[in-house]
Amino acid sequence: MLKYLNVKTTQRTELINITSQVQKEITEADMEQGACYVFVPHTTAGVTINEGADPSVQTDMLAIFSRLVPKDPQYRHAEGNSDAHAKSSMVGASLFVPVHEGKLILGTWQAIFFAEFDGPRHRRVAVKLISG
Amino acid sequence: MLKYLNVKTTQRTELINITSQVQKEITEADMEQGACYVFVPHTTAGVTINEGADPSVQTDMLAIFSRLVPKDPQYRHAEGNSDAHAKSSMVGASLFVPVHEGKLILGTWQAIFFAEFDGPRHRRVAVKLISG
Amino acid sequence: MLKYLNVKTTQRTELINITSQVQKEITEADMEQGACYVFVPHTTAGVTINEGADPSVQTDMLAIFSRLVPKDPQYRHAEGNSDAHAKSSMVGASLFVPVHEGKLILGTWQAIFFAEFDGPRHRRVAVKLISG
């Protein structure tokens with residue numbers, strides 16, 4: 001099963017918790033055991049798992065990534081957003097979470113985040129489920 | 001099949017070779033062909049594949065990550081470990097290795113490492129196998 | 001199905017578009033629906049998805065990675081290529097792309113790149129397909 005979620009971002013860099021949207025696809029597909037893959041079809045965004053409880057973690061993480069790869073006008077790419085492309089490859093465009101008894105088996109503090117690095121934009125996220 | 005490994009870390013940042021523990025699950029499950037997914041249910045740790053032969057590589061890698069993202073007391077997150085959260089997203093919480101004739105198909109120098117960024121702690125690693 | 005691609009790199013750091021080689025394996029395997037996993041069996045290289053249209057993006061990304069992790073002669077690892085090992089773990093050795101109606105479901109601007117960080121070398125890339 002392959003489904004797409006819609007995500008609307010409102011900042012240039014932003015982490016948006018999509019855990020409940022991903023879980024909803026598993027519940028609707030009635031999958032009991034298997035693997036859930038999340039894939040982002042964009043080159044200036046990514047998908048990552050991190051702490052969902054304290055929003056300060058997300059603020060700190062975005063600050064760390066912006067300090068590591070600043071939005072520098074000297075990039076060759078004419079759109080001037082090469083920082084976003086690099087962050088996309090650092091975080092990654094795909095991830096995997098196990099599914100057990102119909103639920104994403106995330107750790108206590110974990111949430112799945114869409115990672116926007118060149119918003120605000122309308123984005124899509126693919127969710128692929130494989131039983132087994 | 002979904003199984004959990006236990007990993008005990010002894011340093012704040014540490015790479016622990018878990019290849020033989022992952023291979024043991026494949027052998028016990030008697031899986032011949034398929035995919036092995038490794039998933040870390042923690043937000044201040046990750047899982048990565050890198051050189052298992054020379055321990056200096058692990059020392060250098062941890063030094064590089066600590067230089068890139070220092071343990072800085074100015075983070076907003078009150079626990080003060082936002083560096084570990086950022087490193088977790090840089091390295092990632094999930095990975096995939098092909099399985100062929102009952103073996104992880106790793107390259108000559110590759111090993112699977114649990115990446116501790118905020119230890120020492122007792123940690124868990126999920127191993128999910130899908131035949132095919 | 002598990003297949004290997006051959007990739008010849010010509011620079012120390014280089015992004016090589018392997019999308020059409022990966023798609024060819026899916027077409028030859030006649031897989032309609034499922035998951036495509038790409039795995040790099042090397043510890044000084046990786047695999048990533050990013051923009052395939054404007055080559056300046058690749059130039060900028062390699063410059064960003066080289067600035068973040070310079071080739072520093074002070075590494076403990078005697079081969080002196082610990083920068084390449086760190087970049088390999090930052091980018092990752094495995095990724096996933098959904099397959100729908102026999103095609104990799106990549107976004108408009110996306111391509112799959114072999115990421116060389118210690119070339120030039122002869123390299124291999126594993127492609128694993130799982131239907132479902």
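All residue numbers refer to positions counted from 1 along the written sequence of the respective chain. Both sets of labels track the order of writing: A upward for chains, 1 upward for ligands. Where local features are concerned, this predicted model is filtered to residues with pLDDT of at least 70; where side-chain atom pairs are given and counted, the filter is 80 or more; whole-chain, interface and lining totals use all residues. Note: side-chain values were computed over all heavy atoms of the structure, leaving out hydrogens and water.

What about helix 1 (residues 19–29) of chain C?
Residues and elements named next belong to chain C. Selection rule: Buried means the residue's accessible area, taken with a 1.4 Å probe over protein chains only, is under 20% of the maximum for its type, while exposed means over 50%, and partly exposed covers the values in between. For the purposes of this entry, the term helix denotes a DSSP run of H or I that reaches at least four residues, the term strand denotes a run of E that reaches at least two, and both are numbered from the N terminus. This arc is taken over the directions from the axis of the helix to the C-beta atoms.
Looking at helix 1, one finds that the buried residues are Thr19, Val22, Gln23, Glu25 and Ile26. Seen end-on, helix 1 carries its buried residues on one side only, within an arc spanning 150 degrees. Facing away from the buried side of helix 1 by over 90 degrees, the exposed positions are Ser20, Lys24 and Glu28.

Structural notes on the interface of chain B and chain C
In many analyses, interface size is given as the accessible surface area lost on bringing the parts together. Just so we agree on the cut-off: A contact between two residues is defined here by any heavy atoms of the two lying within 4.5 Å. Buried area: the accessible area, evaluated with a 1.4 Å probe, that two parts lose upon being put together, summed over both parts. Any Lys or Arg side-chain nitrogen located within 4 Å of an Asp or Glu carboxyl oxygen qualifies as a salt bridge. Any pair of nitrogen or oxygen atoms within 3.5 Å is treated as a polar contact; in protein, a donor-acceptor pairing is required on top of that, and neighbouring residues in sequence qualify only through side-chain atoms on both sides.
Listed by partner, the interface residues are 34 residues for chain B and 27 residues for chain C. Buried area between chain B and chain C, both sides added, is near 2300 Å², and the carbon and sulfur share of it is 63%. Looking at the side of chain B facing chain C, the largest losses of area belong to B:Asp60, B:Ile64 and B:Phe96, adding up to 23% of the total buried there. The interface formed by chain B and chain C holds 0 salt bridges in total. Across the chain B-chain C interface, the total number found is 13 residue pairs in polar contact (both at pLDDT 80 or more). Elements supplying a minimum of two residues to the side of chain B that touches chain C: strand 3 (34–39), strand 4 (45–51), helix 2 (55–68), helix 3 (82–91), strand 5 (94–100) and strand 8 (122–131) of chain B. Top element by residues in the side of chain B that touches chain C is helix 2 of chain B. It accounts for 9 residues.

Observations concerning helix 2 of chain B
Residues and elements named next belong to chain B. We count it as follows: Take the residue count of a helix, subtract one, and multiply by 1.5 Å to get its expected span.
Between the first and last C-alpha of helix 2 there are 20 Å, a value that for 14 residues agrees with the 20 Å anticipated at 1.5 Å per step. Here helix 2 has its buried residues at Ser56, Val57, Gln58, Asp60, Met61, Leu62, Ile64, Phe65 and Leu68. At the N-terminal boundary of helix 2, the capping side chain belongs to Asp54, with an oxygen 2.8 Å from the backbone nitrogen of Ser56.

Digging into the confidence of the model for chain A
Let me state the cut-off plainly: Residue-level confidence of the predictor, termed pLDDT, takes values from 0 up to 100.
Confidence along chain A averages 96 in pLDDT terms, with 100% of residues attaining 70 or more. Note on the complex model: pTM 0.98, ipTM 0.96.

What to know about the relation of the copies chain A and chain C
Note the cut-off: Alignment of copies: least-squares fit on C-alpha atoms of residues with pLDDT of at least 70 in both copies.
For the match of chain A to chain C, the screw axis carries a shift of 0.0 Å, the RMSD comes to 0.0 Å, and the turn is 120 degrees. One copy is carried onto the other by what is essentially a three-fold rotation axis. The C-alpha atom lying nearest the rotation axis in chain A is that of A:Met90; the distance is 3.2 Å. The fraction of interface residues of chain A whose copies in chain C are also interface residues is only 15%, indicating that the copies meet through different surfaces.

Looking at the sheet that holds strand 7 (residues 110–116) of chain B
Residues and elements named next belong to chain B. Condition: Strands are treated as partners if at least two bridges between them are detected by DSSP. Comment: axis = line fitted to C-alpha atoms, over the contacting stretch for helices; angle = value between 0 and 180 degrees taken between N-to-C directions.
Read across the sheet, 3 strands follow the order 2-7-4 without closing on themselves; strand pairing throughout is antiparallel. Two strands bound the open sheet, and with one partner strand each, they are strand 2 (14–17) and strand 4. Geometrically, the sheet is characterised by an average inter-axis angle of 35 degrees between neighbouring strands, direction not taken into account. Where strand 4 meets strand 7, 7 bridges bridge the pair, whose relative direction is antiparallel. When the sheet's bridge partners are listed, Glu51 is paired in strand 7 with Gln110.

A closer look at the environment of A:Arg123
Residue and element names in this part refer to chain A. By the element assignment, Arg123 lies in strand 8 (residues 122–131). The spatial distance from the C-alpha of Arg123 to the C-alpha of His42 is 7.8 Å, given a sequence separation of 81 residues. Setting aside chain neighbours within four positions, we find Arg123 in contact with Leu5, Asn6, Val7, Thr9, His42, Thr44, Ala45, Phe114, Glu116 and Asp118. Looking at Arg123, its side chain comes within polar contact range of the side chain of Glu116, at 2.8 Å.

Describing the packing of aromatic side chains
Threshold: Only Phe, Tyr and Trp rings are paired, with Trp represented by its six-membered ring, and only when their centres lie within 6.5 Å; those with planes under 30 degrees apart are stacked, over 60 edge-to-face, the remainder tilted.
The final tally for this structure, using the stated rule, is 15 aromatic pairs over all chains. Ring centres of A:Phe39 and C:Phe96 lie 6.4 Å apart, and the angle between their planes is 85 degrees; on these two criteria the pair is classed as edge-to-face. Of the two residues, A:Phe39 sits in strand 3 (residues 34–39) while C:Phe96 sits in strand 5 (residues 94–100), which places them in two different chains. A single burial state applies to A:Phe39 and to C:Phe96, both of which are buried.

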